[in-house]
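If you want the building blocks of each chain, they are given just below.
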Amino acid sequence: MLLVLPIISPFFFAIIMMLFWNNTKAHRIINLVSSAASIIFAVMLFSNVNNSGIQVFQVGSWQAPFGISLVADLLSAIMIVITSVIGFSTAVYSLATIDHEREKFGFYPLLQTLLMGINGAFLTGDIFNLYVWFEVMLISSFVLLALGGRKKQLEGAIKYVTLNLLSSALFLAGVGILYGLAGTLNMADLARKLPLIDNPEMLTLVSMLFLIAFGIKSAVFPLYFWLPASYHTPPAAVSAIFAGLLTKVGVYSLMRVFTLIFINDTDFTHTIILVIAGFTMLSGVLGAASQMDIRKILSFHIISQIGYMIMGLGLYSPLAIAGGIFYIIHHIIVKTNLFLVGGAISKIRGTYQLKKLGGLYKLYPILGLLFLIPALSLAGIPPLSGFWAKFTVVKAGLDLGEFTIVAVSLFVGLLTLFSMTKIWNEAFWKDAPSETIGNKFSGSNTQKAILFLPIVLLALITITIGFYMEPFFDIAQQASEQLLNPNLYIDAVLGVSNE
Amino acid sequence: MLYAVVAGFIFAIFFPAAVRINKQAGKIAAAVLPLGIFIYFASFYNTITEGNVIAQSYNWIPSLGINLSFYLDGLSLTFALIISLVGFAVFLYTASYMEGNKYITRFYIYITLFMASMLGLVLSDNIITMFVFWELTSISSYFLIGFNHDKERSRIYALQALLITGGGGLALLAGLIIIANISGGWSISSLADLNELITGHKHYPIAAILVLIGAFTKSAQFPFHFWLPNAMEAPTPVSAYLHSATMVKAGIYLMARMNPSLGGTDLWQHTILIVGAVTMLFTAMLSLKQTDLKKLLAYSTLGVLGTLTMLLGIGSDLAIKAFMIYLIAHSLYKGTLFLIAGIIDHETGTRDITKLGGLRKLMPITMVIAVLASLSKMGIIPLIGFVGKETVYASALEFEPFGTLLIILAIAANVFIVYITIAVGFKPFFGKLKPTPKEPHESPFKMWFGPMILALLGVVLGMFSSVVINSLINFTEIGVINKKLNIPVKLWHGFNLELALSVLTVLLGVLLYFKRDNIVNTLNKISFTKYVKPSYYYEFLLSSTLSFAKFQTKFLQNGNLSNYAAMIIVATIFLGGLALVSFGGAPNIDLTFAPTFAEVIIGIILILAAISAVRAKSRLTAIVSVGVVGYSVALIFIMYSAPDLAMTQFAIETLTVILFVLVIYRLPKYLPFSSMTRRIRDFILAGLGGLLMSLIVLFIIAEPMTSELKKYFGENSLTIGKGRNIVNVILVDFRALDTMGEIAVLAIAAIGVYALLKLKSNGSEK
């Protein structure tokens, strides 16, 4: 039953909010309640999975593979927990930053349906159902992007939706072909039946469709264009939740299918993934190096870091996958927080342009510290979380003798440090140029507190992960072991006796 | 030991609060901290010199084998003592030097963090823990160099130092991991016995080079040296502490620490020797053109760092001895001289030696301290610097077969160092009093007390070297070459060649000082090309990386949606093609179709309609053509007995066309934007994409499809699902969750349409 709640609960609250369409005050409260409830459900689910193994729920009691199975292994459970944390942080942050107009036009219900889609994608054990959750996510995020209707926003939103629909089309084609090959949509069932087909090459070929479809979602090279085209246009709260979660659904899906379904020719498929990982890191970080707008810099860094996660998958060893998972955990927290801090900066100064910013460190040392924690973590400075994330994938790469990708990842690490110091340098260290627009945080003290609460919360999580990495990494390792033993997943869904 | 390291971090966290309560008490506490740490470590002196080592370990990340393990032997004790003692002098000094600075609290936080990290670095026994501290020293150095961050130069050079040491740090990380992989553990102390295993491994050369890059960048060896003089933008206490006495020696420490496990090979010894020797001479020469007190000192630091590296490269017992003495001597006198330079700057308002002179009467105490440190630095008896230089010369002389070459290099470099010392330690105090921006006074107690202790220690250690540091050094060497040496350290070795060379060095240095102007004039006439400066390559690399970044980003993220889509199709075709090629022979395709007449007709209609849609010159034609495509597909559904699907398809196609037609009249006039080349490109891409999909489908249908699902749904939809229409039962029961999701999609889309129509944000960006 716990498996259904992360999907149903936000949907339920979204519907309630739609019933009180004109009451934005109610929206705010319900949104908070829903986000808080999600954390509770997520933690309960996680502890269940952690204590008693993979959890399965057959929706409508239709036995797998005939109905739709919801499955939570450790990876899913981890993702659900982080999603709830990010959802809550964004919900709080929105209270201080989202304008009344957007609130009136369904901002909060959209936030909840977005979370529903994300949770659904993490929990489903059915490949077509995954497609459905992708659609829920896509439409919610599209509307959130376009909400407000400014020209720049719409331009970004159109690019976003077009390219993502291309992904959907390829995904759907792939699903159709898989069904043609194995006659089933249940992922566990697919994993059981596909190794028995006559032409395993076909599977490799189909896997490329999935690689592209999920690759677009994860924003890997050379499929990432929709991300830098759109992420800098919506309000900070929206950018933040997108930055933290959306691409990671793609990465999660890649991890799922390339450890469960497409493992017939890992020499071929995972080498391609590794090559893509290298180019993704490099291209993303170079993109960031060329930008002078905080949100654009951060957006390109998302791409770059997706590369590290995919690198973990491509290396395909227990440590590498654990590193990839750990990287996801670290990245979601840190990246969301950076966007939140970026939003706070623009609240104070009224701009994201580095050229127009400056002097923040002298005036707001605490803000400086709150920026430095995620920024240095992102740049991989020890002992913050980003260092351990980088360390584990690098170690995994060196264990396997993959020197090229390791060299690329380290070089990218240096450039990441470079662009984080660029923001620091321009926005915090440099004296403010005269044309600085705003100079004050406009808003009451309560608003200020609401604004900084999620930032502080996420910064504390980052520090905790960094200084007390053991339990987090331990979980990532266990999740990795589960992924690398697909039989655990298959047996949990289909029952051991089924074969 | 954990507490000694952690104390600094905890102190830094609570310092701001403490200062708020009482500013003076906070500052005093800051100076007491390193003093306490010094006393703590000094208490281990006897234990260590009796030949013991102390190891402590605390769990941190056991699943990765990373623990907080600390290891105190002669080598780490020496460093810990230097770090805490110089730290004490510097902290005390800072209280007065930074008086009145608005951001002094931040300064103390950074520098305390640095001290703690540096202690952690030299005490760590776990490779990764050491690396963590290593990076922390780089980061704290960044914040300290950029302390005066309203100045652009501070920011630029802070970044430069960070990028160079940080880049080296990343190389080091890779190198250390490779070594750990070879040796099978993270403990540094246990590496020492694995020398053969490690040096014999095929990955040894790459690991050694990576580690050395880390060490060379950190310790400012040629060609990475240029960040160090630039780091003089930092406040003087920082220059004294980080950039001469401690942090820049981290690389040296690392090489010494790794010497037992990685050393002994030609690669290791020769690389270190050559890089050290080149650094020593090259950087010392660069000092000639400088007139800034701190810059001069920075170049002499570089020379010394080169010498220390060279000594490790020589690697003989005597050289290691010289290494240790010189290391201690340098930390004492160079820290002192930097602090003196700061005092002069503080009191007179200038650091330009051409504007300084005759301060001896106004600042007698400072003068005495400066002279003491200078004498040590010049290697004058009876100071510790003398002992150091004697041993350096001796070890260079006995290095066969290049002893002569090495001694010439060493003397040349030391001549420059003598010259620098005269310029820094004597010039400002002697000669005629020159007018300075500020009226000079003797510095306050807090400022001269620290340097005085360091300078006096130089005398004590020199005069009683055989008593005080002999035993410590003997045990230090165990850390460096894994055996105990018994070459006694003493002040006086009699009238020998080394002494003669020492005298010669000083004389030449004095000569150089007086001929300085002539030489600089000659030098100025020679124009050096920019290509000889390593910093040119740094800037070149940085700027070309940035321009490449701009280029690739403009090229890829060019703002054009159809380019983006094209790129995705290209990637699909490429990966699909790659997979096909990798098969080395396609699977069977059944090409013996027997299409019915109706199928042929529908196929032809489909193709024609598609062509017409692409070629259409108006939107209406295009939409109608697409509608025809949809209808044709629906007809195929009917033929294959899927009436439900066909009905849905008909409905959707009809609705789409109607909606489009309604919208079309509100759209601006249709203009063909795409050029001919683009059309050709798109044609090829579309063709290839279609081909790929067709091939895949052909492959699939070549295999008979079996599905238990069909059977199950057929059997159970009425009995359990209570519905006669199987499709409906699938939609609302078997796969109800899908339908719920899709309903949600519709609802959200409705909100979206509503908001797009009604909500016009007033353009503000929030």
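Residues numbered from 1 in each chain as written. Chains lettered and ligands numbered in written order. Predicted model: local features only at pLDDT ≥ 70, side-chain atom pairs only at ≥ 80, totals over all residues. Heavy atoms only, no water.

Chemist: It is not clear to me how the domain arrangement of chain B should be interpreted in this structure. Could you clarify?
Modeler: Quite often, the size of an interface is put as the accessible area lost when its parts meet. When its domains are assigned, chain B resolves into domain 1 (323-525), domain 2 (527-558), domain 3 (596-672) and domain 4 (705-766). Taking only C-alpha atoms, the centre of domain 1 of chain B and the centre of domain 4 of chain B are 82 Å apart. (Domains from an automatic or database assignment.)

Chemist: Help me understand the packing of aromatic side chains, please; the structure alone is not making it clear to me.
Modeler: Where two aromatic rings form a pair, the distance of their centres and the angle of their planes describe that pair. Residue and element names in this part refer to chain B. Evaluated as defined, the whole model comprises 69 aromatic pairs over all chains. Relative to Phe-143, the ring of Tyr-110 lies with its centre 5.3 Å away and its plane at 15°, an arrangement referred to as stacked. Remark: Phe-143 occurs in helix α6 (residues 127-145) and Tyr-110 occurs in helix α5 (residues 104-123); sequence separation between them is 33 residues. Comparing Tyr-110 with Phe-143 shows no difference in burial state: the two are buried. Residues Phe-445 and Trp-448 carry aromatic rings whose centres are separated by 5.4 Å and whose planes lie at 85° to one another, so their mutual orientation is edge-to-face. With Phe-445 and Trp-448 both in helix α19 (residues 445-463), this residue pair falls three residues apart, about one helical turn. (Phe/Tyr/Trp six-rings, centres within 6.5 Å; stacked < 30°, edge-to-face > 60°. Helix = DSSP H or I, 4+ residues; strand = E, 2+ residues; numbered from the N terminus. Buried < 20%, exposed > 50% of the residue type's maximum accessible area, 1.4 Å probe, protein only.)

Chemist: When you look at the pattern of salt bridges in this model, what are you seeing that I'm missing?
Modeler: One side chain can pair with another of opposite charge once the charged atoms of both are near each other. Applying the stated criterion to the full structure yields 22 salt bridges over all chains. Among the salt bridges present, the one from Arg-256 of chain A reaches Asp-73 of chain A, with a minimum N-O distance of 2.8 Å. Taken as a pair, Arg-256 of chain A in helix α11 (residues 236-260) and Asp-73 of chain A in the loop between β2 (69-72) and α3 (74-97) lie far apart in primary sequence, 183 residues in all. The buried category is assigned to Asp-73 of chain A, whose relative accessible area is 2%. Note that Lys-193 of chain A and Asp-189 of chain A form a salt bridge whose closest N and O atoms lie 2.9 Å from each other. On the criterion of helical spacing, the pair formed by Lys-193 of chain A and Asp-189 of chain A is a turn pair, its members being four residues apart in helix α8 (residues 187-193). Lys-193 of chain A gets classed as buried once you look at its relative accessible area, which sits at 18%. Take Asp-189 of chain A: its relative accessible area is 0%, and that puts it in the buried class. A network of salt bridges, in which partner residues are shared, links Asp-189, Arg-192 and Lys-193 of chain A together with Glu-708 of chain B. (Salt bridge = Lys/Arg side-chain N within 4 Å of Asp/Glu carboxyl O.)

Chemist: Mind showing me how you'd approach empty space enclosed by the protein here?
Modeler: Any empty space left between the atoms is revealed when a probe the size of a water molecule rolls over them. Per the stated rule, a full pass over the model turns up eight cavities of 30 Å³ or more. By volume, the largest cavity amounts to about 80 Å³. Lining the largest cavity are 13 residues, and of these Ala-379, Ile-381 and Leu-417 of chain A together with Glu-135 and Gly-166 of chain B sit closest to its centre. Of all the secondary structure elements, the ones that give two or more residues to the lining of the largest cavity are α18 (403-429) of chain A together with α6 and α7 (152-183) of chain B. Residues that form the lining of the largest cavity fall into these classes: seven nonpolar, four polar and two charged. (1 Å grid on protein atoms, 1.4 Å probe; cavity = no way out; pocket = protein on both sides within 12 Å on 5 of 7 lines; lining within 4 Å. Points joined across faces, edges and corners; volume = space filled by probe spheres on them. Nonpolar A, V, L, I, M, F, W, Y, C, P; charged D, E, K, R; others polar.)

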